[in-house]
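# Report on the structure
The primary structure of each chain is shown beneath.
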Amino acid sequence: AVVSTQSTGGLKVECKYHNTLMALYLRSRGQFILVGDLLRSMALLVYRQLEGRLEDIAKDYRANWMTQVEILDDETFLGAEHCHNLFVCVKVVEEDRKLLPFVGLFHLGENVNVFREGSLVLQNPSGAPSLVHKTILYGSANGAIGIIGCIDKALFDLLHQLQESLASVVTSIGCIPHSKWREFQNDRQKAPTTGFIDGDLIEKFLDLPRSEMSKICTDMFYDFDGTGMKREGTVEDLIKLIEDLARIH
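Residues numbered from 1 in each chain as written. Predicted model: local features only at pLDDT ≥ 70, side-chain atom pairs only at ≥ 80, totals over all residues. Heavy atoms only, no water.

### Some points on the pattern of salt bridges
Heads up, the rule is: Definition used for salt bridges: Asp or Glu carboxyl oxygen within 4 Å of a side-chain nitrogen of Lys or Arg. For the exposure calls, accessible area comes from a 1.4 Å probe over protein chains only, and a residue counts as buried if that area is under 20% of its type's maximum, exposed if over 50%, partly exposed in between. Strands here are runs of E lasting at least two residues and helices are runs of H or I lasting at least four, both read from the DSSP assignment and numbered beginning at the N terminus.
The tally for this structure, following the rule as stated, stands at 17 salt bridges. Close ionic contact of Lys59 with Asp56 constitutes a salt bridge, the shortest N to O distance being 3.8 Å. Asp56 sits in the partly exposed class, given a relative accessible area of 29%. Linking Lys153 and Asp157 is a salt bridge whose minimum nitrogen-to-oxygen distance equals 2.8 Å. In this pair, Lys153 and Asp157 both sit in helix 1 (residues 153-167), four residues apart, roughly one turn of the helix. Under the relative-accessibility criterion, Lys153 is labelled exposed at 60%. By relative accessible area, which is 36% here, Asp157 ends up partly exposed.

### Remarks on the pairing of strand 12 (residues 102-107)
Keep this limit in mind: Strands qualify as paired when DSSP identifies two bridges or more between them.
A large share of strand 12 lies buried, amounting to five of its six residues. In this structure, strand 9 (residues 85-90) lies alongside strand 12, joined through five bridges in antiparallel fashion. Of the residues in strand 12, the one forming a bridge with Leu86 is Phe106.

### Details of the layout of surface pockets
The criterion, for reference: Every definition here rests on a 1 Å grid over the protein atoms only: cavities are sets of points where a 1.4 Å probe fits but cannot get out, pockets are open sets enclosed by protein on both sides within 12 Å along at least five of seven lines, and lining residues have some atom within 4 Å of a point. Grid points are joined across faces, edges and corners, and a volume is the space filled by probe spheres set on the points. Three residue categories are used. Nonpolar comprises Ala, Val, Leu, Ile, Met, Phe, Trp, Tyr, Cys and Pro, charged comprises Asp, Glu, Lys and Arg, and polar comprises the others, including Gly.
Of the pockets and cavities examined, the largest pocket occupies roughly 1200 Å³. Elements supplying a minimum of two residues to the lining of the largest pocket: strand 9, strand 12, strand 14 (134-140), strand 15 (145-150), helix 1, helix 3 (199-203) and helix 5 (235-246). In terms of residue count, strand 15 provides more of the lining of the largest pocket than any other element does, six residues in total. Among the residues forming the lining of the largest pocket, the class breakdown is 23 nonpolar, seven polar and 10 charged.

### Quick word on helix 1
Here is the rule: Here the expected span of a helix is defined as 1.5 Å times the quantity of residues minus one. Arc definition: directions from the helix axis to the C-beta atoms. When checking whether two residues touch, look at their non-hydrogen atoms; a contact exists if any pair is within 4.5 Å.
Taking 1.5 Å as the rise per residue, helix 1 with 15 residues should run 21 Å; its terminal C-alpha atoms sit 21 Å apart, in good agreement. For helix 1, every residue scored as buried is listed here: Leu155, Leu158, Leu159, Leu162, Gln163 and Leu166. All buried residues of helix 1 project into a common sector of 140° when viewed along the axis, lining one side. The inward-facing, buried residues of helix 1 contact helix 2 (178-181), helix 3, helix 4 (210-216), strand 18 (221-222) and helix 5.

### Brief notes about the environment of Leu159
With respect to the helices and strands, Leu159 occurs in helix 1. Between the C-alpha atoms of Leu159 and Lys230, which are 71 residues apart in sequence, the distance is 14 Å. Other than its neighbours up to four places away in sequence, Leu159 contacts Ile151, Ile197, Ile202, Leu241 and Leu245.

### Observations regarding unusual backbone geometry
Non-glycine residue Ser41 carries a positive phi angle of around 55°. By the element assignment, Ser41 lies in the loop between strand 4 (32-37) and strand 5 (42-48). In this structure, Asp219 takes a positive phi of about 65° despite not being glycine. Take Asp219: it is sitting in the loop between helix 4 and strand 18.

### Description of empty space enclosed by the protein
Empty space left among the atoms is revealed by rolling a probe the size of a water molecule over them. Evaluation of the coordinates by the stated rule reveals one cavity of 30 Å³ or more. Reported here for the largest cavity is a volume of approximately 70 Å³. The wall of the largest cavity is formed by Tyr17, Asn19, Thr20, Val35, Asp37, Arg40, Ser41, Met42, Ala43 and Lys59. For the lining of the largest cavity, the secondary structure elements donating two or more residues are strand 4 and strand 5. Each residue belonging to the lining of the largest cavity can be placed in one class, and the counts come to four nonpolar, three polar and three charged.

### Overview of the sheet that holds strand 15
Put simply, the rule is: Structural elements are reduced to axes, namely lines fitted to C-alpha atoms, with helices fitted over the stretch in contact, and the angle between N-to-C directions of any two is expressed from 0 to 180 degrees.
As summarised here, the arrangement of the three strands in space is 13-14-15, forming an open sheet in which the pairing is antiparallel. Two strands lie at the open edges of the sheet, namely strand 13 (112-117) and strand 15, each paired on one side alone. Between one strand and the next, the sheet's axes are offset by a mean angle of 25°, whatever the strand orientation. Relative to strand 14, strand 13 is paired through five bridges, and the arrangement is antiparallel. Residue pairing in the sheet places Val114 in a bridge with Gly139 of strand 14.

### What to know about the packing of helix 1 against helix 5
Where we set the bar: To sort the angles, those under 35 degrees are grouped as roughly parallel, those over 145 as roughly antiparallel, those from 65 to 115 as roughly perpendicular, and the leftovers as oblique.
Contact geometry of helix 1 with helix 5 gives a least axis separation of 13 Å together with a crossing angle of 110°. Regarding the angle of helix 1 to helix 5, the classification is roughly perpendicular. From helix 1, Leu155, Leu158, Leu159 and Leu162 reach across to helix 5, where they touch Leu241, Ile242 and Leu245. Tallied by class, the residues present in the contact of helix 1 with helix 5 amount to seven nonpolar, no polar and no charged.

Quick look at the structure:
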């Protein structure tokens, strides 16, 4: 329900929304409201103030048991569900249906129960351009604190290539393949991870012998100099890039 304050000090109900099983989480951005439901995943509403009503403008029709939601921007939304997965949805209009399809899937392994926009450190103390445009902190029921960063596509493509190379070199505890550990899986579906980069794995590059670093960084092209021109990266380029990214936590 949307309520307003009155001059008498009371509250007046302006409008109500009933199309939920149990709405547990709310996030707002301007006139937009993101609702996290116990069983019905996420729904995006808009408050029509002049008409005094709440209107559905997009919905995820999958049955996800939500543990928290967050608005990344006007088109992109982050959710956590009960099987310790994260997912990202975008607003899409398909014929007469307005949907929130997945564009990102990731098994975190933590029961996230809080998201907050913010940072653990001072942003850009040197004044250099930031590699991460926005950061979301998360907290879990186990007491873990982590950070999710939004990056541009060029950097994502580079880090994804690096992640694939590292996954074939770095041995995990129990020898579980990285792709298997990070795949999205709950009671109803299983899907490979997509749209996310595993920062823990990326930082393991710094622990490798120099010879392994040289093998991995072959054919990795990026605008390392900030000139707008891509070139093949060296070991020093990747070390500096990863150290810069590591400074956000």
